[in-house]
Amino acid sequence: MRNKEIAEILHITPAAVSMALNNKGGVSESKRKKIFELKYASSQSPEEKEKKKGRILFFIHVKNGNVIAETHFFVTLMSAIQERAGYYGYFADIIRYDSKTQFREFISSVNMSNVCGILVLATEIDSEDAALYRDLGKPLVMIDNWFAGEDYDCILMDNIDGIKQAVRYACHMEHRNIGFVRSKIHIHNFDERYEGFCQGMREAGLPIIRKNIFSTKCTTDGAYEDMCAIIKKTPELPSLLIISNDVMAIGIVNALKYSHYRVPKDVSVISFDNMPIARYFSPTLTTVSIQDKQIGYVSVDRLIEKIEKGMDNYFVHNLIGVRLEIRESVCNYSSMR
């Protein structure tokens, strides 16, 4: 269902629908829940749902909200999950859970009838949160996170290799003074991307220089503000910055421009996610591309194995490969000397 149609049904503006779907503020939780139900549960009629083998619940677990709110990955993932579930003869219900509400209270309002399995968007959660879903007693697959020492099935992107590809390309373009911008929010993906940077620098024989490691908020506006402050107190920036994701990169590039740095001539930039805006931004962003649809497909594939074949005597950590998309935000450093 289109945003405009949802807005007409609920007597709100299309902008309010968009804010809710992107986990922005300004929309009540009750209204947000109704928007999600209409957006993601209305694609099939009740008659069509009755023909399905059963239901798969896909929980979007929101803890801080900033990470999930601003990337294209999550919208594509939801669509892929619904498509793959339908292929196997199941209906996928999308359910948003905000951790401000007690989980037991929340789950009591969820219709668990005919539920065959559970997927969880685990981007923002920890082991304690993950246990809440295990306790529901259904076949379970975690997406976009993994938990050391725990036997969860986890499907996630290869963050470490993606950033190592970025470091190798930076070296290929003759950059040796390479910095990294971390997120002030520490989640699995961001921490692994920093680990990929450290590994990549060691493999390239380059030092990891503490003063070249920066941290900003993980929103575009927040990254812009933090980077402006960093520039004021940093006499000389690295020739190239690898940034944790595109959302931050857009704010950081705008801060560099505002501070009269030329991108890529003065500071080159590589980021992560390959959001649609990356190819239209100026300069177009060199960024790591995620196979977001494949993550959704493989997550459903593994869940169906557990549901239909009882294949739960082992667990998997599947890394879906990533690829660096080369665009305009990196210059050859040797040509600038």
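Parameters and conventions
Residues numbered from 1 in each chain as written. Predicted model: local features only at pLDDT ≥ 70, side-chain atom pairs only at ≥ 80, totals over all residues. Heavy atoms only, no water. Pairing = 2+ DSSP bridges. Helix = DSSP H or I, 4+ residues; strand = E, 2+ residues; numbered from the N terminus. Axes fitted to C-alpha atoms, helices over the stretch in contact; angles between N-to-C directions. Salt bridge = Lys/Arg side-chain N within 4 Å of Asp/Glu carboxyl O. Expected span 1.5 Å × (residues − 1). Buried < 20%, exposed > 50% of the residue type's maximum accessible area, 1.4 Å probe, protein only. Contact = heavy atoms within 4.5 Å. Polar contact = N/O pair within 3.5 Å; in protein donor to acceptor, adjacent residues only side chain to side chain. Right-handed = clockwise from strand over helix to strand, strands pointing away. Core = buried A, V, L, I, M, F, W, Y, C linked by side-chain atoms within 4.5 Å. Parallel < 35°, antiparallel > 145°, perpendicular 65-115°, else oblique. Left-handed = near helix turned anticlockwise from the far one by under 90°. Nonpolar A, V, L, I, M, F, W, Y, C, P; charged D, E, K, R; others polar.

Below, the discussion takes up the sheet that holds strand β7 (residues 213-216). The strand order across the open sheet formed by 6 strands is β7-β6-β8-β9-β10-β12, and the pairing between neighbours is mixed. The two strands at the open ends of the sheet, each matched to only one other strand, are β7 and β12 (323-325). Between one strand and the next, the sheet's axes are offset by a mean angle of 25 degrees, whatever the strand orientation. In this structure, strand β6 (residues 178-183) lies alongside strand β8 (residues 240-243), joined through 4 bridges in parallel fashion. Residue pairing across strands places Ile178 opposite Leu240, the latter belonging to β8.

Considering all chains together, one arrives at 21 salt bridges under this definition. Of the charged contacts, one joins Asp98 and Lys100 as a salt bridge, the two residues approaching to 3.8 Å between their closest N and O atoms. In this structure, Asp191 engages Arg182 in a salt bridge whose closest nitrogen and oxygen atoms are separated by 3.6 Å.

Attention shifts here to helix α12 (residues 246-258). For α12, built from 13 residues, the straight-helix expectation of 18 Å at 1.5 Å per residue is met to within 8% by its first-to-last C-alpha distance of 18 Å. For α12, the buried fraction is high: 10 of the 13 residues fall into the buried class. Within the sequence span of α12, burial applies to Asp246, Val247, Met248, Ala249, Ile250, Gly251, Ile252, Val253, Ala255 and Leu256. Those residues of α12 hidden inside the fold are in contact with β6, β7, α11 (220-233), β8, β9 (268-273) and β10 (286-289). N-cap assignment for α12: the residue whose side-chain oxygen lies 3.4 Å from the backbone N of Val247 is Asn245. Immediately beyond the C-terminal end of α12, within one or two residues, lies His260, with a positive phi of roughly 70 degrees.

What follows covers the pairing of β10. Sheet topology note: the β9/β10 ladder contains 4 bridges and is parallel. Following the sheet pairing, Ile270 is matched in β10 by Thr286. Note: β10 against β12, 3 bridges, orientation antiparallel. Across the sheet, the residue bridging to Ser289 is Arg323, located in β12.

Covered by surrounding structure in strand β4 (residues 140-143) are Leu140 and Met142 together with Val141 and Ile143, the residues of both alternating faces. By the bridge criterion, 4 bridges tie strand β3 (residues 115-121) to β4 in an arrangement that is parallel. Within the sheet, the bridge partner assigned to Leu121 lies in β4 and is Ile143. Since β3 and β4 lie parallel, the crossover through helix α8 (residues 127-134) that links them has a hand, and here it is right-handed. As paired strands, β4 and strand β5 (residues 154-157) are joined by 2 bridges and run parallel to one another. Within the sheet, the bridge partner assigned to Ile143 lies in β5 and is Ile155.

Ranked by size, the top nonpolar core spans 52 residues in total, and within it Phe58, Leu119, Ile178, Phe197, Ile242, Ile270 and Ile295 carry the most contacts. The contacts of Phe58, once residues within four sequence positions are left out, are Leu77, Met78, Ile81, Asp93, Ile94, Ile95, Leu119, Val120, Leu121 and Ile143. In this structure, Cys228, Leu237, Ile252 and Val253 belong to the second largest nonpolar core, which totals 26 residues.

Next up on the list: the packing of α11 against α12. Taken N-terminus to C-terminus, the directions of α11 and α12 make an angle of 40 degrees; their axes are 7 Å apart at the nearest point. Taken together, the axes of α11 and α12 lie oblique to each other. Between α11 and α12 the crossing geometry is right-handed. Taking contact as the criterion, the partners of Thr220, Ala223, Tyr224, Met227, Cys228 and Ile231 in α11 are, on α12, Val247, Met248, Ile250, Gly251, Ile252, Asn254, Ala255, Leu256 and Tyr258. Classifying every residue of the contact of α11 with α12 gives 12 nonpolar, 3 polar and no charged.

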